[in-house]
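Residue-level structure breakdown
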Protein chains: 2
Amino acid sequence: AMGKAMGLVGLLLGLVLVPAVLVSTSLRHGAPPTEAVPGPAPADWELAVDAVPEDSLWPLPQWLHTSPRQLQLAPGRFQLVHGAGSSAQPSCGLLQDAFRRYYEYMFGHSRRRRWGRRPLAARAEPELSELQVVIEAPDPGCESYPHLGSSEAYHLTVTEPVAVLKAYEVWGALRGLETFSQLVHEDDYGSFLVNESEINDFPRFAHRGILLDTSRHYLPLKSILTNLDAMAFNKFNVLHWHIVDDQSFPYQSIYFPELSDKGAYSCNLIYTPADVRLVIEYARLRGIRVIPEFDTPGHTQSWGKGQKDLLTPCYNKGQPTGSFGPINPILNTTYDFMTKFFKEISSVFPDAYIHLGGDEVDFSCWKSNREVKEFMKKQGFGSDYAKLESYYIQHILDIVSSYNKGQIIWQEVFDHKAQLKPDTVVEVWMANNYAHELSSVTGAGFSAVLAAPWYLDYISYGQDWKKYYSVEPLDFPGSEEQKKLLIGGEACLWGEFVDATNLTPRLWPRASAVGERLWSSRNVTDLQDAFRRLTSHRCRML
Amino acid sequence: AMGKAMGLVGLLLGLVLVPAVLVSTSLRHGAPPTEAVPGPAPADWELAVDAVPEDSLWPLPQWLHTSPRQLQLAPGRFQLVHGAGSSAQPSCGLLQDAFRRYYEYMFGHSRRRRWGRRPLAARAEPELSELQVVIEAPDPGCESYPHLGSSEAYHLTVTEPVAVLKAYEVWGALRGLETFSQLVHEDDYGSFLVNESEINDFPRFAHRGILLDTSRHYLPLKSILTNLDAMAFNKFNVLHWHIVDDQSFPYQSIYFPELSDKGAYSCNLIYTPADVRLVIEYARLRGIRVIPEFDTPGHTQSWGKGQKDLLTPCYNKGQPTGSFGPINPILNTTYDFMTKFFKEISSVFPDAYIHLGGDEVDFSCWKSNREVKEFMKKQGFGSDYAKLESYYIQHILDIVSSYNKGQIIWQEVFDHKAQLKPDTVVEVWMANNYAHELSSVTGAGFSAVLAAPWYLDYISYGQDWKKYYSVEPLDFPGSEEQKKLLIGGEACLWGEFVDATNLTPRLWPRASAVGERLWSSRNVTDLQDAFRRLTSHRCRML
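This structure is a prediction, so every number in the text was calculated from the model and none was measured.

Observations concerning the overall build of chain A
- The helix and strand tally for chain A stands at 19 helices and 17 strands.
- Among the 542 residues that make up chain A, the fraction classed as buried is 61%.
- Here the analysis covers contacts within chain A between residues at least 6 apart in sequence; of these, 75% occur between residues at least 24 apart.
- Carbon and sulfur atoms provide 54% of the accessible area of chain A, an area that totals close to 20,800 Å².

This is the structure:
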């Protein structure tokens, strides 16, 4: 039934629905060069025909009970409404927007007119007339931004004649609306049905992110927004926006417009303040935080084009080579610039955290520069350039702290022993023995975000989603307290080989595997069951 | 200049042009798990600014001379016309269609109105007023189909005041139009320019194919047509349509409609006779042959659903298991069916060749079947099931020959010593020591098509196009006569993990590497030069 419903949606999108691209087969030309891909038996497909409702839920809720009893929805009558006792009112733009959005996901633009053709009485099923959404917190949060401590829990009951979705905050309601929409399915005759159900759900991890890189290749706004939609379908709640890097500086700064004037690939390939506001608001309406990353002191070649004396001049045999290394950490002007720059960033991005990067700093240029060497001597750093790196980072951390922003940094900053504020979040990205790193980071009392096993820009033949799905984030040595410090993870799509032409099929539904791992219960690990649900879920996303 | 022009086109397409996805970079998070991808120096990009005309040609013509002298084209005045002495007339629909198509590729739909705004006199460059196309053969071929022996050679001169494109047949004119359109570029001010040039061009190999697989996943017509466009941009001339296989039978047969009624994924996911005609005609207009593959006796599970007794029933300990193996080779009804079926195929598909498959036949089911065993004994095949396979294939070859069709088969049919007609083409697909196989096949006097190194469904991180590009098809042991028997190659995109959502970005521009290898001169092997041209070419294709 789902296949049929999605076939129609697919046609509307100009795509014809086919069994999921994830499907492997047992017979083909030649063996894959990397690994054998065990194919599902043809019988796997048969199951979809008699699918139970939970066969299409993704990520799987923490607790659910469904009954075989089905209710029918009449698109022309069915309503998403604020329930009695909800602190949210029709003036809650965020929920109104979500109601409209989910109505259309469920019934489609073009279907509203169809319901009248077939009298509802022709069917035996009783009718579900509305979904009542009840926000329980005194302040529902309609105007606020989601944050690390936001409640995303919800409780959903679907029984005749009304369904009720209860959540403490609007963020939980958004997750519950997604789940409700996944429960509604269309049968072969075009009727919309939902099984009577009860669902109690909440995320396993608070930080569930997707990293997009808009520096290696510029991504048009449309790609970013489409990706935010996909994130909401998979209950992700953090867009880690790796917005600038060596290759280009598309962020249009208000204080320093020359950074993008000279550092972007072209004057069109930038994000204006209005663009940035749009991304943040589009994300907010979907319960997604936008954490910008301004990675320094390495990964900053593009910064140097629009800001004189910001980068370290490199030397060869005492002569300047004309090329530049990391941010110059020995000049006061560097910190003056950063103070002003991060003041802007702190105000443009409402999230409580800024990602400060700090990874992969190449010391060779610093080593070649006589003034840097003298500075090292004066500071008593000896020849340990990691100390100079930490000296720089320390300053940046202090600047950003002064704007009351929390900080996320890549693992090297921790590894090189910079003094971090206690609430700093360390992102673990190095694939080599990341469990040990998680152990060290949390052992030192810092929160951690895991990215290492989920570098989705790395591609290979076959169903690699299984590899991402099979990661257990808490499989690292440490106490219960340490485990609590792992606040989540991120699927990273670095941009070397990604642009608007391939972003969506490269990221989705592979990232969905990470989405379920970070949302659902630890014991949700059955690959066969996941395959069946992910197949339906992909179909629905298309 | 090209970047600017393509930026506009990209915006029209809803895509924003960014430096090609193929670009790698020297700094990134972590090293790629498979291979290091050396990035181009940033200077590579600078070259595009002062690009010479041949910097955007793909595949590179056999011989070209370009002058720095530029001519200007006025979109409102420039015309593609039949030259004096051409055997083609305005009644030649194929060329008229190509003129319209290439006009729009060069100037775009929306630009026609713009030319008036800026008086041409404001520029110093003289004007190129038209491209005259001259077909030299008595019959230009406007209504015919391209075939293995078609002439694709052309000669192009671009000098003030007119350009002349001479070709023996329309097929060469199509290739020359593509090249001419690649020479025209837009400068920063929106002027269309072309350098005075002379090009003499012809393909190195006559058979330059793309294999699409519409059985593992159904491909909507739109995907197939878009792919035909991309093929024309890269001077490919064969669509190898692997139309049915185990997984589904989307070909709607006229004589045997049950095959797709029961064997397709669904009643919508089929190719009707009208669909097939559309694909063939769309391809013909671009000088592309459509060679259908109906692979037997293996890879036929989907055939069994709509045709009773066609497949071999499998047994276990003397009991039928309910499952089926390859086509049943011992029944007369099998050959009656095939006679009728291939009669239809021979008439539906105009190409002189049909691909009969013949790969990966699994003998286990035949071995389990007592009647098959008895037949083996009666025929004196002993326990050599390859002989039974050859017995079957022999019959099919004879049937198809009787309809005056040539045959292409996968290499196993040759390996298993079936008696082949002298004009049979053997397609070499097994990656293991394919040079040796090419040597054997051509040594036995058969024509060969090389697919083995170009399985583009296999993906990996980074710029794998270089691997495909660096293949030298004639690097196999053999005489000059043998080398001449290698008539070309195919890039294969098997469909296990490919559907409409990812076909284009997965196949292009990776297949372009194969396109140049099969068209251009053997000595065109410079990866840096190819990278620069391919970057522009991708841009233009977008």
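A look at the state of the cysteines
All names here are of chain B.
- Following the criterion strictly, the structure yields four disulfides over all chains and no others.
- Between Cys314 and Cys365 runs a disulfide, and the two sulfur atoms are separated by 2.1 Å. Taking the sign of the S-S torsion, -110 degrees for the link of Cys314 and Cys365, the bridge is left-handed. Separated by 51 residues along the polypeptide, Cys314 in strand E11 (residues 311-316) and Cys365 in helix H10 (residues 364-368) bring together distant segments of the chain.
- The class for Cys314 is buried, based on a relative accessible area of 10%.

Details of the pattern of salt bridges
Residues and elements named next belong to chain A.
- Applying the stated criterion to the full structure yields 54 salt bridges over all chains.
- Among the ionic pairs, Glu152 bridges to Arg208, the shortest N-O distance being 2.9 Å. Taken together, the residues span a long stretch of sequence, with Glu152 in the loop between strand E3 (130-135) and strand E4 (154-158) and Arg208 in strand E8 (residues 207-213) at a distance of 56 residues. Here the two residues Glu152 and Arg208 agree in accessibility, since each one is buried.
- Note that Asp229 and Arg286 form a salt bridge whose closest N and O atoms lie 2.8 Å from each other. One end of the pair, Asp229, is in helix H5 (residues 221-233); the other, Arg286, is in the loop between helix H7 (273-284) and strand E10 (289-293), and 57 residues separate them in sequence. Judged on exposure class, the residue Asp229 and its partner Arg286 are both buried.

So, the packing of aromatic side chains
All names here are of chain A.
- Evaluation of the coordinates by the stated rule reveals 75 aromatic pairs over all chains.
- Taken together, a centroid distance of 6.5 Å and an interplanar angle of 85 degrees make the contact between Tyr255 and Phe256 edge-to-face.
- Residue classification places Tyr255 among the partly exposed positions, given a relative accessible area of 38%.
- For Phe256, a relative accessible area of 14% gives the class buried.

Here we look at empty space enclosed by the protein
All names here are of chain B.
- Under the counting rule described, the total for this entry stands at seven cavities of 30 Å³ or more.
- The computed volume of the largest cavity comes to approximately 70 Å³.
- Taken together, Tyr145, Pro146, Ile280, Ala283, Arg284, Ile288, Arg289, Val290, Pro350 and Asp351 make up the full set of residues lining the largest cavity.
- Looking at the lining of the largest cavity, the elements with two or more residues in it are helix H7 (273-284) and strand E10 (289-293).
- The biggest single contributor to the lining of the largest cavity is H7, with three residues.
- When its residues are assigned to classes, the lining of the largest cavity shows seven nonpolar, no polar and three charged.

Details of the packing of helix H3 (residues 93-107) of chain B against helix H4 (residues 170-183) of chain B
Residues and elements named next belong to chain B.
- The N-to-C vectors of H3 and H4 enclose an angle of 10 degrees; their axes lie 10 Å apart at closest approach. The orientation of H3 relative to H4 falls into the category roughly parallel. In this structure, H3 uses Leu94, Leu95, Ala98, Phe99, Arg101, Tyr102 and Met106 to contact H4, whose residues at the interface are Val170, Trp171, Ala173, Leu174, Leu177, Glu178, Phe180 and Ser181.
- Of the residues assigned to the contact of H3 with H4, the class counts are twelve nonpolar, one polar and two charged.

As for the domain arrangement of chain A
Residues and elements named next belong to chain A.
- According to the domain assignment, chain A contains domain 1 (63-109 + 124-201) and domain 2 (207-541).
- One C-alpha centre belongs to domain 1, the other to domain 2, and the line joining them spans 34 Å.
- Contact with domain 1, which involves 21 residues of that partner, is made by 22 residues of domain 2.
- Of the roughly 1,800 Å² buried between domain 1 and domain 2, counting both surfaces, carbon and sulfur atoms make up 54%.
- Broken down residue by residue, the surface that domain 1 buries against domain 2 is led by Tyr145, Leu148 and Arg175, which jointly contribute 33%.
- Scanning the region where domain 1 abuts domain 2 turns up one salt bridge.

Section: the environment of Thr66 of chain A
Residues and elements named next belong to chain A.
- Along the chain, the position of Thr66 falls in strand E1 (residues 63-73).
- Residue class for Thr66 comes out buried when judged on its relative accessible area of 18%.
- Spatially, the C-alpha atom of Thr66 lies 6.5 Å from that of Asn195, the residues being 129 residues apart in sequence.

Here's the deal with the nonpolar core
- By size, the foremost hydrophobic cluster in this structure holds 127 residues, and its most contacted members are Phe180, Phe294, Phe341 and Phe342 of chain B.
- Here this core takes eight residues from H3 of chain B, the largest share from any one element.
- No fewer than three residues from each of domain 1 (63-109 + 124-201) and domain 2 (207-541) of chain B sit in this core.
- Residues contacting Phe294 of chain B, with those up to four places away along its chain left out, are Ile243, Val244, Phe249, Tyr251, Trp303, Phe341, Phe342, Ile345, Phe349, His355, Leu356 and Gly357 of chain B.
- By size, the runner-up hydrophobic cluster in this structure holds 125 residues, among which are Ala167, Leu420, Val441 and Val514 of chain A.

Re the pairing of strand E17 (residues 486-493) of chain B
All names here are of chain B.
- Within E17, eight of the eight residues are buried, leaving the element largely enclosed by the surrounding structure.
- Sheet topology places strand E8 (residues 207-213) next to E17; six bridges connect them, and they run parallel. The partner of Leu212 across the bridge, within E17, is Leu493.
- Relative to E17, strand E16 (residues 447-450) is paired through three bridges, and the arrangement is parallel.

Regarding H4 of chain B
- Between its first and last C-alpha atoms H4 of chain B spans 20 Å; for 14 residues at 1.5 Å apiece the expected length is 20 Å, and the two agree.
- The element H4 of chain B is extensively covered by neighbouring structure, given that 14 of its 14 residues are classed as buried.

Examining the environment of Leu438 of chain A
All names here are of chain A.
- Relative to the helices and strands, Leu438 is located in helix H14 (residues 434-443).
- Residues Leu438 and Pro477 lie 39 residues apart in sequence; the distance between their C-alpha atoms is 8.2 Å.
- The residues contacting Leu438, other than those within four sequence positions of it, are Val428, Gly443, Ala448, Leu450, Pro473, Phe476 and Leu486.

Section: H7 of chain B
Residues and elements named next belong to chain B.
- For H7, spanning twelve residues, the distance from its first C-alpha to its last is 16 Å, which sits close to the expected 16 Å at 1.5 Å a residue.
- The complete set of buried residues in H7 reads Asp275, Val276, Val279, Ile280, Tyr282, Ala283 and Arg284.
- Each element contacted by the buried residues of H7 is listed here: H3, H4, helix H5 (221-233), strand E9 (238-242), E10 and helix H9 (332-348).

Examining the environment of Tyr103 of chain A
Residues and elements named next belong to chain A.
- Relative to the elements of secondary structure, Tyr103 occurs in helix H3 (residues 93-107).
- Overall, the relative accessible area of 12% leaves Tyr103 in the buried class.
- Separated by 78 residues in the primary sequence, Tyr103 and Ser181 have C-alpha atoms spaced 8.1 Å apart.

Definitions and cut-offs
- Residues numbered from 1 in each chain as written.
- Chains lettered and ligands numbered in written order.
- Predicted model: local features only at pLDDT ≥ 70, side-chain atom pairs only at ≥ 80, totals over all residues.
- Heavy atoms only, no water.
- Helix = DSSP H or I, 4+ residues; strand = E, 2+ residues; numbered from the N terminus.
- Buried < 20%, exposed > 50% of the residue type's maximum accessible area, 1.4 Å probe, protein only.
- Contact = heavy atoms within 4.5 Å.
- Areas by Shrake-Rupley, 256 points an atom, 1.4 Å probe, with all protein chains shown as cover.
- Disulfide = S-S within 2.5 Å.
- Salt bridge = Lys/Arg side-chain N within 4 Å of Asp/Glu carboxyl O.
- Phe/Tyr/Trp six-rings, centres within 6.5 Å; stacked < 30°, edge-to-face > 60°.
- 1 Å grid on protein atoms, 1.4 Å probe; cavity = no way out; pocket = protein on both sides within 12 Å on 5 of 7 lines; lining within 4 Å.
- Points joined across faces, edges and corners; volume = space filled by probe spheres on them.
- Nonpolar A, V, L, I, M, F, W, Y, C, P; charged D, E, K, R; others polar.
- Axes fitted to C-alpha atoms, helices over the stretch in contact; angles between N-to-C directions.
- Parallel < 35°, antiparallel > 145°, perpendicular 65-115°, else oblique.
- Domains from an automatic or database assignment.
- Buried area = accessible area lost by both parts, 1.4 Å probe.
- Core = buried A, V, L, I, M, F, W, Y, C linked by side-chain atoms within 4.5 Å.
- Pairing = 2+ DSSP bridges.
- Expected span 1.5 Å × (residues − 1).

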